[in-house]
Amino acid sequence: MNSESLRKILDLEKQRDYADSSVFGGLDKFLRNWSAQAAESVVGAVLLRRFHRLFDSSYTYISREKRRQWVNDVLSFLDEMENKDSVKASPHVKPVSTSVKKKPPVTANKPAVSAGGQSLDSPITIVKGISTALSARFGKLGVKTVRDMLYFFPHRHLDYSKLKFISQLAEGEEQTIVANVWQAQETRPGGRRSTEAIVGDETGNIRVVWFNQPYLVKKLVTNEKIMLSGRVSLFKGHHVFLSPEWEIMEGPDFVGVHTARLVPVYPLTQGLRPRQVRRLMKEFIDRWVGQLVDFLPVELRKRLGLLELPVAISQAHYPEDNATKDKARVRLAFDELFLLQLGVMSKKRSWQESRPGTPFDVEKPVLKQFITSLPFTLTSAQDKVLGEIFHDLGQSRPMCRLLQGEVGSGKTVVATAALLATAANGYQGAFMAPTEILAEQHFATICQLLSKLGQGEGDGYLRSYSGFLERPLRVALLIGDIRQAGKRKIQKQIREGEIDIVIGTHALVQKGLEFHNLGLAVVDEQHRFGVEQRSALREKGFNPHMLVMTATPIPRTLALTLYGDLDLSVISELPPGRQMIKTKWLRPNQRDSAYAFVRKQVAEGRQAFILCPLIEESEAIAAQAAVVEYERLSQEVFPDLRVGLLHGRLPSAEKDTVMASFRSGQTDILVSTPVIEVGIDIPNATVMLIESADRFGLSQLHQFRGRVGRGKEQSYCMLLAENPSEVGRERLDIIENTQDGFKLAEEDLKMRGPGEFFGTRQSGLPDLRMAKISDVALLELARNEAVKLFQVDPGMEGLEHHLLAQELARVWTNAGEWS
């Protein structure tokens, strides 16, 4: 790495008190060019990640204090790199033997920088024909750099490859003809200025109409040869092309962009037109795809029979045929899943091997006492999972475990046992839930379970239990709505080690809170938290054990791929007595029947939920909608029944009052927003009526349905949808006929994709553009290859893995820190 020029500039920057004046035009521009070339000489995934974290940030837009820190960090990094280089170069140092064969650099691999110094990370405005205004429109679609544009794939292709004579045209099919223009004129059907043409070949003539495109008259010159692709309609007994794609044929070797091929259909936004985007993309791919470096090791690519990366990118946009298009998708989908798996495995290795954990004694008598004190017997699945967790807690490396279990499978009991083991070893446990309602319910449940073990006292947000440890076990609830004085008191007790178990929301990760010695962090419904929040909770202690839980069923292969940094435990059975919930999709004209059924159930002493959808992104607007629906139901539909209202904007004390009233049976019907998605436990509630059910995903509908069926009585879920789309109807059909959460999750993933299902933008996962979650074979292949590579070269330091390490660092730096 040639660092001399950078060192000189940084020394000058120090002399000028970090004023960003050492380079004309600012340091950022110099750093972009320097780092693009320097990255080539950084070997190893760990060093590359550090390199990208240092050089992918802006120097210009940070404070002077942060600039000072950054300069010192960069100089330290350069020193480290040069020390490594000098050790390698020294004739007195004997190289360490390794199973990784250090291959000479592959000269065929070109750097991802063009001769003009323009890199794949340059903004798309360097591309001819893309103005600042056009760049802003592409930006709305997530396309900002040259690399983004290469990976801006069409969401489908139109098959215009079937070339026919006019006499062979058939209604309704996508077809292509080559014809001569006989005449073209402007017409005004229905007052719309349009172009109408007559074209013909040796087998006949056909009329063509382009609505709202009068300008085509000047382009369609008589006797010019034209290619048309589209669907043919029948109008007054004659075939007619309505607004087909068209291209003037320019010579015998003409190859179309819009016609006579598999034509890409790109995502659009306001101000972008299909023909414009296709033309730009074709020119762009032809110009830039050759700059791509294939980062897959040659041996791996050839063994798996995968296309080279530039070929795959080109064929994904403009494929020669369907078979080549499929091969391109396989290569690009494999890349995504392979890099995803390598990334999560790297994180796990870094977390567990570079940081020692705290082993707990899991044979303490109090743990057996706790299991014995429970008013029920653990299922065999709970027993198995508890054994896996206790085994992890007894190790000197920190636990990283994902606990998966259906709604009502008993995850909270397992988590309580782990928290108790933590407290029995003199450490603190933290339990983070996504909502205040759920945090309060977990607090109540955990306290109830502990009360079977020993004498309890206290109320509100702080309780203690004695008789089973050397000192009383203290449990606290910490949520945003606690008064400031009470919050400060609990924070002080946590800091001084007087609280053993704290249950809360994101309040647990706020700056004001410090733990005395955090030993276990439990995160419930982990997909509801952003990466930063999970990571922040873990950083509150010195390498605490980590248990993340979810009630969202995830197919095993997918869980191992997306959560490869976590060991997987599954509570695969429900406690005895849990029943099937009868589910019915009702049409709009059955609404009154649904209300009558709710009334009948209430008359028999049961209770019901009526769920209003989160129609708007804004919680405030959703709360207003819930209020309007509550007023309609309580005044017009159920004026004689006791109707309550729950939504996310209610103050905590009011939420508590509403839930306490519903739990005690003083409220007959609870109107709610999706705040009740997880955790609410009302055994007497037997009806879940979901409004606009087509707006929700299958897994979410399954979560809502799981709020009922928790008592002995038969329970029901009714789904109302006013005018569902085709996908919405398919979704409602599936939920009506399927109770198995894992099957529902698989269907949900197929229909919505991983981005919407998991929220990859907040989960820290790289985006998946090509990978289909339903392709289990490719998932398993990518995972197996990642495991093989890790067994041979976990640090990816071999020269044959150099380019792969660079790509891994780039992808995961952009995705954010995974936790």
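Reading the values: the criteria
Residues numbered from 1 in each chain as written. Predicted model: local features only at pLDDT ≥ 70, side-chain atom pairs only at ≥ 80, totals over all residues. Heavy atoms only, no water. Salt bridge = Lys/Arg side-chain N within 4 Å of Asp/Glu carboxyl O. Helix = DSSP H or I, 4+ residues; strand = E, 2+ residues; numbered from the N terminus. Buried < 20%, exposed > 50% of the residue type's maximum accessible area, 1.4 Å probe, protein only. Pairing = 2+ DSSP bridges. Axes fitted to C-alpha atoms, helices over the stretch in contact; angles between N-to-C directions. Parallel < 35°, antiparallel > 145°, perpendicular 65-115°, else oblique. Left-handed = near helix turned anticlockwise from the far one by under 90°. Contact = heavy atoms within 4.5 Å. Nonpolar A, V, L, I, M, F, W, Y, C, P; charged D, E, K, R; others polar. Right-handed = clockwise from strand over helix to strand, strands pointing away. Polar contact = N/O pair within 3.5 Å; in protein donor to acceptor, adjacent residues only side chain to side chain. Expected span 1.5 Å × (residues − 1).

Student: I keep staring at the pattern of salt bridges and nothing clicks. Help me out?
Tutor: For side chains of opposite charge, pairing can occur when their charged atoms come near one another. Under the defined criterion, the tally for this structure stands at 29 salt bridges. A salt bridge links Arg 68 to Asp 17; its shortest N-O distance comes to 3.8 Å. With Arg 68 in helix H4 (residues 64–89) and Asp 17 in the loop between helix H1 (4–15) and helix H2 (27–38), this residue pair connects regions lying 51 residues apart in the sequence. The partly exposed category is assigned to Arg 68, whose relative accessible area is 29%.

Student: Sorry, what's going on with unusual backbone geometry here?
Tutor: A positive phi angle, close to 60 degrees, is found at Asn 212, a residue other than glycine. Secondary-structure assignment places Asn 212 in the loop between strand S4 (204–210) and helix H7 (216–219). The backbone of Met 796 shows a phi angle near 50 degrees, a positive value even though the residue is not glycine. Turning to its location among the elements, Met 796 is positioned in the loop between helix H25 (776–792) and helix H26 (802–815).

Student: How should the sheet that holds strand S17 (residues 567–571) be read in this particular structure?
Tutor: Within a beta sheet, neighbouring strands are joined by backbone hydrogen bonds and run either parallel or antiparallel to one another. Taking strand neighbours across the sheet as the criterion, the nine strands line up as S11-S12-S13-S14-S10-S15-S16-S9-S17 in an open arrangement whose pairing is mixed. Pairing within the sheet leaves two strands with one partner each, and these edge strands are strand S11 (455–459) and S17. Averaged over neighbouring strand pairs, the angle between their axes works out to 15 degrees when direction is ignored. Where strand S9 (residues 400–405) meets strand S16 (residues 545–550), five bridges bridge the pair, whose relative direction is parallel.

Student: Explain the packing of helix H22 (residues 698–705) against helix H23 (residues 726–737) to me, please; I cannot follow it from the model alone.
Tutor: Helix packing geometry: the angle between the two helix axes and the distance between the axes. Relative to each other, H22 and H23 sit at 40 degrees, their axes nearing to 10 Å. As judged from the angle between their axes, H22 and H23 are oblique. In this structure, the crossing between H22 and H23 has a hand that is right-handed. Contact with H22, carried on its side by Leu 698, Leu 701, His 702 and Arg 705, involves Arg 731, Ile 734 and Ile 735 of H23 and no other residues of that element. Looking at the contact of H22 with H23, its residues break down into four nonpolar, one polar and two charged.

Student: It is not clear to me how the pairing of strand S20 (residues 643–646) should be interpreted in this structure. Could you clarify?
Tutor: When a strand is regular, its side chains alternate between the sheet's two faces. Of the two faces of S20, the one carrying Val 643 and Leu 645 and the one carrying Gly 644 and Leu 646 are both buried. Sheet analysis places S20 next to strand S21 (residues 669–672), joined by four bridges and oriented parallel. For Val 643, the partnering residue across the bridge sits in S21 and is Ile 669. Between S20 and its parallel partner S21, the chain crosses via helix H21 (residues 652–663), and the hand of that crossover is right-handed.

Student: Explain the side chain of Glu 736 to me, please; I cannot follow it from the model alone.
Tutor: Counting through the fold element by element, Glu 736 comes out in helix H23. Polar side-chain contacts of Glu 736 include one of 3.0 Å to the backbone nitrogen of Trp 585. Glu 736 has contacts with Thr 583, Lys 584 and Trp 585, leaving out every residue within four places of it along the chain.

Student: Can you help me understand helix H8 (residues 274–288) in this one?
Tutor: Two residues of an α-helix separated by three or four positions point the same way, owing to the 3.6 residues in each turn. Relative to the 21 Å expected for 15 residues at 1.5 Å per residue, H8 spans 21 Å between its end C-alpha atoms, a close match to the ideal helical length. Regarding H8, the residues found buried are Gln 276, Val 277, Arg 278, Leu 280, Met 281, Lys 282, Phe 284, Ile 285 and Trp 288. Tucked into the core, H8 has its buried residues touching helix H5 (132–140), helix H6 (146–150), strand S7 (245–248), strand S8 (262–265) and helix H10 (309–317).

Student: How should the environment of Leu 513 be read in this particular structure?
Tutor: Secondary-structure assignment places Leu 513 in the loop between strand S14 (501–504) and strand S15 (518–524). Assessed through its relative accessible area of 1%, Leu 513 is described here as buried. Taking the C-alpha atoms as reference, Leu 513 lies 9.4 Å from Ile 490; in sequence the two are 23 residues apart. Setting aside residues up to four positions removed in sequence, Leu 513 forms contacts with Leu 478, Gln 491, Ile 494, Ala 507, Leu 508 and Lys 540.

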